[in-house]
Protein chains: 2
Amino acid sequence: MALRHERALVVALEAGAEAVLAVQPSTVTWLTGFAPEIETGPNPFALPPMALLTPDNQPVLIISDDDEPAARGLGCELVTYQGYTIGPLRPLEHAQRALEHAINGRKVATEAGALPVMLALNLDWVDVGADLAQARALKDPDEIEKLRAAVALADVGQRAARQQARAGVSELEVWSALQATIEMAASGRIPLLADVLSGPRTEQVNGSPSNRVLQDGELLLVDLAPRYLGYWGGSCTTIGIGEISAETRVKYQRVHDALERAIEMVRPGVVVGELDELIRRELGYPHHTGHGLGTTYHEIPRIVPKVTTALEAGMVISLEPGIYGEGEGIRLGQIVLVTNEGCEVLSTYNLDL
Amino acid sequence: MALRHERALVVALEAGAEAVLAVQPSTVTWLTGFAPEIETGPNPFALPPMALLTPDNQPVLIISDDDEPAARGLGCELVTYQGYTIGPLRPLEHAQRALEHAINGRKVATEAGALPVMLALNLDWVDVGADLAQARALKDPDEIEKLRAAVALADVGQRAARQQARAGVSELEVWSALQATIEMAASGRIPLLADVLSGPRTEQVNGSPSNRVLQDGELLLVDLAPRYLGYWGGSCTTIGIGEISAETRVKYQRVHDALERAIEMVRPGVVVGELDELIRRELGYPHHTGHGLGTTYHEIPRIVPKVTTALEAGMVISLEPGIYGEGEGIRLGQIVLVTNEGCEVLSTYNLDL
């Protein structure tokens, strides 16, 4: 049994339940490895996947039969119900029956912020959503391998962005090129969270690519988080288009230095709120200094003010200080794995301006 | 008040409730025009958007403050709660408070298959999910305009696919080209449901693009449904790569004839189960003959066996017969608007083999 399964069961037992019922797609992925398609929103033929974890058994995946081929070989027991059909669509009824069959009267520790009330009617449940989110912070070796692969895809995208970025090209053209390159490298479609901002838009911190055309002398901010095998990579660069002013170069160097300092500080036992404070106070950015990566693209440990969580070997985190103001924004990020000695930088892309 | 708002309120009143509480993102879009980002799955900083509709008032959108800029100008009252923050993240608590404030003790008719149990604890609710899905079948004029625009984007993608499709090119290369073309035409990222299948993969009916390389003499099946302004377009073609055998051409012609016959049959009063039977019986495909399009990519009226729903002017439906077997599949689709006289074909792409 993977360590994460043990941690999840401890959460359930401490809440007085006999089993974990995961209903957030990211928690289902964490417990089972099953990564549902998400790019087109809720599925009209099925409910989101659910997973049941009990002591001494394989995790049970509760999915529609449409998802069965993708769920084979994960080492889970499958409880399936009818999804797409040319007959009447009744996914809610079918899912409810499958769920109650799998749970078989047990008291479940679940994520009540995502469990549909209709499915909860006949269940004995207790909410442990926050505890499960906490239990996901530390990664098992198989999770770290998936995160490495996802970060490598982000790297591929960053290289494609840098290759494409020049005056006369639009943000959307950079985006299309990098997305195509990532999907070719992944041999298929993958979810991809991305900020692609140029010129004055960089000051707004986040934003999807637009048809704005890059100009000489301005910045392009590229923040990419692809999901691969259910795990989200991350990355962030700021690329200079043509000649960049001396003033902007000075700001870039301050962010670069802050990122290097942050990487040097990472080691087990470091309190993330203190790490945040030391990096943030010089630059004053309006966002996190970093965060955990896993089956969501922003998870514990959140490197934000006042958090008393200590880093542990086996956490995978982003570090991404920035400076925003005077019509431009600069952000540089790297993904690191916390090790016993300090950290291993997983990102491999070029951070030069 | 739009006709759809009146229909939604009738559903609520008939269920003994005073208001509609929409919690399926597609139903929220239907009532408010607000189209949440969906491509990267659940948002760790907020719950999915919700909408409350009461008689004699504007719809109320209940969203995180991150979504406020995108929600302005829709003619809705906004009730916002804290989303992203560098402080503690408590979206569930904040959403619960915002929701209870907006509902203010009313009994709500809601979608209990999607309402989180934690949000339902203090609510007086009744489930009307199936009735709201039914009420969405008929489109208002503003919805038809959005559907026209979404179908036009699908057309753009189909033209790009045809331009790219040739021996030596992979499914993923066709996909990347068509996706880029659609997003350039839309001036931004958009959700896109797609089957891109070549050669023997066409027989499997549905599937995402792979790195399989197209060969002369085989087929490429391209089924594209982009979401634009919250509404899903649709389209389907089967493209011949190089010289196609006489046998396959005969099958192609049978599907083409069936599609033409289906279009000719569409008019108000036609029972969709009868339409399905007449088109299906000659070809024997394993999927629907067609379906409604709107804020989901597959909705009522479902053109499948035995459904007694009659077509009405103002419905927007796909028609998409196919033939599968002997190592290949052919499917041809068009999107039509049911009019008083028959139908208007909205799709404009080339259907030739």
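Anything mentioned here points back to the structure above.
Residues numbered from 1 in each chain as written. Chains lettered and ligands numbered in written order. Predicted model: local features only at pLDDT ≥ 70, side-chain atom pairs only at ≥ 80, totals over all residues. Heavy atoms only, no water.

### Topic: the interface of chain B and chain A
Tallying the contact residues gives 58 residues for chain B and 58 residues for chain A. Taken together, both faces of the contact between chain B and chain A bury some 4,300 Å²; the carbon and sulfur share is 62%. Of all residues in chain B, Ile86(B), Val117(B) and Arg189(B) bury the most surface against chain A, accounting for 16% of the area lost on that side. On inspection of chain B and its partner chain A, the count reaches zero salt bridges. Across the contact surface, chain B and chain A share 16 residue pairs in polar contact (both at pLDDT 80 or more). (Contact = heavy atoms within 4.5 Å. Buried area = accessible area lost by both parts, 1.4 Å probe. Salt bridge = Lys/Arg side-chain N within 4 Å of Asp/Glu carboxyl O. Polar contact = N/O pair within 3.5 Å; in protein donor to acceptor, adjacent residues only side chain to side chain.)

### Thoughts on helix H2 (residues 25-32) of chain B
Side chains of residues three or four places apart in an α-helix project in the same direction, reflecting 3.6 residues per turn. Residues and elements named next belong to chain B. Counted residue by residue, H2 has eight buried out of eight residues, so it is predominantly covered. Among all positions in H2, only Pro25, Ser26, Thr27, Val28, Thr29, Trp30, Leu31 and Thr32 are buried. Just past H2, the residue glycine 33 takes up positive phi, approximately 85°. (Buried < 20%, exposed > 50% of the residue type's maximum accessible area, 1.4 Å probe, protein only. Helix = DSSP H or I, 4+ residues; strand = E, 2+ residues; numbered from the N terminus.)

### Remarks on the sheet that holds strand E16 (residues 334-338) of chain A
Residue and element names in this part refer to chain A. Across the sheet, five strands lie side by side as E12-E11-E13-E16-E17; this open sheet has antiparallel pairing. This sheet does not close on itself; its edge strands, each paired only once, are strand E12 (299-303) and strand E17 (343-345). Across this sheet, the average inter-strand angle for adjacent strands is 25°, counted without regard to direction. Here three bridges tie strand E11 (residues 290-292) to strand E13 (residues 316-319), and the two strands are oriented antiparallel to one another. Looking at the pairing, glycine 290 lines up with leucine 319 of E13. (Pairing = 2+ DSSP bridges. Axes fitted to C-alpha atoms, helices over the stretch in contact; angles between N-to-C directions.)

### Quick look at the side chain of Thr339(B)
Residue and element names in this part refer to chain B. Along the chain, threonine 339 falls in the loop between strand E16 (334-338) and strand E17 (343-345). The exposure class assigned to threonine 339 is buried, which follows from its relative accessible area of 18%. Excluding residues within four positions of it along the chain, threonine 339 makes contact with Pro268, Ala313 and Glu344.

### Side note on the relation of the copies chain B and chain A
Between the two copies, chain B and chain A, the superposition gives an RMSD of 0.0 Å; the rotation angle is 180° and the shift along the axis is 0.0 Å. Between the two chains, the operation in question is that of a two-fold axis. In this assembly the copies share their binding face: 100% of the residues contributing to the interface of chain B also contribute to that of chain A. (Least-squares fit on C-alpha atoms with pLDDT ≥ 70 in both.)

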